[in-house]
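What follows is the residue order along each chain.
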Amino acid sequence: MPGGSDGQRSLIPDHHNDFSGRAEGTVVQAGYIEQLRIFGAGRAAQEPSQLPPPPRLFTNRRRELAALDELRSQAGPYPLAIVISGPAGVGKTSLAVRWLHGVREHFPDGQLHAHLGAHSADGPTPPEEIIGGFLHAFGLPPEGIPASYGQRVGLYRSVTADRSVAVFLDDAMTAAQVRPLLPAAPRSIVVVTSRSQLAGLRMDGASFLAVSPLDAVDSIGLLGAVVGDRRVAAESAATNELVRLCGGLPIALSVVGARLAARPTRTLSTEVDALRGSAGLASMSLERDHSVQAVFDASYRGLSLVQAELYRWCALHPGAIFGFDVAGVAADRPAAEIDQTLCALVDRNMLTEVADGRFCYHSLLRMHARRMVEAEDPAATRDAVRRRMVEWYLTMAVAADLVLRPTRRRVGAHFRRAAEQPSVVFSDERMALQWLETERRNLVTAVHMSVEHGWDELAWEFCEALWGFFLHLRPYRDWLAIHQVGIPAAQRCGHRTAEARLRVQLAAALTNLERHDEAIEENLRAVRIAEEEHDDLTKAAALSELADSVKGKGDLVGALGYLREANRIRARISTNRAVAVGRRRIGEVLLALGRYPEAEVELRHSITALVALDQAQRARALASLARVYARLGQLSDAQSKLVEAIEITRKLGLARYEAEAVMVQAEVAELAGDLRAAREHYRQAQAVFAEHDDPKAAMIAARLDRLPEK
């Protein structure tokens, strides 16, 4: 459920003593605190309220509820962790949600929820992804969330250090998956559900509650709550047999009860016969040999044609969680037309609404739905449904990239279609980035699904369409992964230009990660392909990226040569913006070479040209010109350029570019002898770079270590 807040709490807790203790050290810890100040200043912290709605059908469980109350009352001076374990479908989630809603007033700073996906078709969700979502729920923007695992853990514990929050972690796989998600505050609680015992959490002081299937009395009570007590009492023998067949599993009882409630004239005896006669009952067995295949089959046969179709086809979705829009695409109908159908599937417990307008299957139900689609839909239909959904994600990614990088050259067919039939999907960069971050796992899975089904043109176009997203948020693992399959896909398509451009994109990630030899190899391949294809624009892009790669290895003269060659090409055939950005980069290399007068000329030309073309790049050029003035001893001129650069970056919300300017501020302060100010500026910049695993963070740490205390 979406979170909200009426309060105005600061994101900075009163205590900062609960960092993860990994290799970041005290410098990075200080950087975290400074980052919290940066992103928390003037921003109201959110108090998330993410618990799913209380279960409508909930029977008894008085013993379990009392045990949970007792555990809470005995909590000591540590965050309380409770593991609720038991077989699939036994009602662990319903129990946890019911109890947490009853005690939520004791956790006024928010309630967090995440599905850890232990038995998801896509595999368990990585802890760093969950933590990223939690930090965002507390009000940190995507660009304020660290990229590395250790930094996310530290920041999460810092944010929760003085808060009273309830955290619900559903369907955990291992103790190691849960441990990083434990908050720091003594007044907080974590409730974990799992099919496994997670005994490793005993080392973390966790308490444990085992949940068994419902007994006969409670099973009858649950069935009666769905279909009506009179109807249940009228067929007591059939009721007892239904309860036995359902094995005390609430999910089975709820599904069969919903089916009976939808057909008030159907007898319970008929339902028993249907369950007994279903084939393949043993193929979906749970612990203690309870089988729910027959329950799912019987419920499925009670669906309307449209409901059954949507139930089957959404199971082909590339990721675990999907929204209204893509469900409509799967059904080949407008999203508004399937609203009631999705709601009907939720009401019948065949889908779960995990957030407003977002759905997922129980893992066993998804398995069942996929068996049904294999049995009832020909391969051509299944492929058509998958492709519709994958293409929808690609079309949306294209629309988002057009907002993030409007002037960039593209070569994919989906970009050409978007240019021919423009439409407003995302109103601004923030909206585009939010959608991309929400759907990131689905997008990455869609790339791999494209490769798996031989849709190579879609696979490489995803790489092109996600370029702006990668530049803004720097998810390096996904960046590398999809290019490693996207480049071969472009090769199989015979699209040489696409291959070259994707190699340049891959090289950019490798350069940022300081894997310079690999980056150089990719760039040289791109240059060769561009020359063979007589594609000067791509050649210029590859030369510019190659300059960064060789510069990273210390070859400044070589970098200058590549940049000047690229700019000669761009001056002849490219845009004024590209030329102006090229001059900025040339000026920065000249600065590194100590050729300050030449650097000043290039940077001033770049700044003048970029006034009407790109304010973000103009800010970067201003910061570089300030560095030139600092080297020349013109500290007041340097400071004035930095003030202008920082004003632009803050107005645009560009934290990374602001950090670049702040780092120059630190250098200017150091040259002026103000070591206290230099140290403060370095730490401020370091916090931002550390968010994205940028090697500049380590470089600043080294500078801080060398900086005299006075």
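Here, every reference points to the structure presented above.
Here we summarise the structure given alongside this text. Treat the numbers as computed from the prediction; the structure is a model and nothing was measured.

**So, the environment of Arg244**
- Take Arg244: it is sitting in helix H9 (residues 236-246).
- Residues Arg244 and Ala216 lie 28 residues apart in sequence; the distance between their C-alpha atoms is 7.8 Å.
- A distance of 2.7 Å separates a polar atom in the side chain of Arg244 from a polar atom in the side chain of Glu241.

**Thoughts on the sheet that holds strand S3 (residues 166-170)**
- Pairing is parallel in the open sheet, where five strands are placed in the order S2-S3-S4-S1-S5. Bordering the open sheet on either side are strand S2 (111-115) and strand S5 (207-210), each of which pairs with just one other strand. The mean inter-strand angle of the sheet, taken between neighbouring strand axes irrespective of direction, is 15°.
- Inspection of the sheet shows strand S1 (residues 80-85) paired to strand S4 (residues 189-194) by six bridges, in the parallel sense. Each residue of the ladder has a partner; that of Ile84, found in S4, is Thr193.
- Across the face of the sheet, helix H4 (residues 127-137) comes into contact with S2 and S3 while running at roughly 150° to S2.

**Thoughts on the pairing of S3**
- The element S3 is extensively covered by neighbouring structure, given that five of its five residues are classed as buried.
- Here S3 shows no split at all, with Ala166, Phe168 and Asp170 on one side and Val167 and Leu169 on the other all buried.
- Pairing between S2 and S3: five bridges, direction parallel. Across the sheet, the residue bridging to His115 is Asp170, located in S3.
- By the bridge criterion, four bridges tie S3 to S4 in an arrangement that is parallel.

Cut-off values and rules
Residues numbered from 1 in each chain as written. Predicted model: local features only at pLDDT ≥ 70, side-chain atom pairs only at ≥ 80, totals over all residues. Heavy atoms only, no water. Helix = DSSP H or I, 4+ residues; strand = E, 2+ residues; numbered from the N terminus. Polar contact = N/O pair within 3.5 Å; in protein donor to acceptor, adjacent residues only side chain to side chain. Pairing = 2+ DSSP bridges. Axes fitted to C-alpha atoms, helices over the stretch in contact; angles between N-to-C directions. Contact = heavy atoms within 4.5 Å. Buried < 20%, exposed > 50% of the residue type's maximum accessible area, 1.4 Å probe, protein only.

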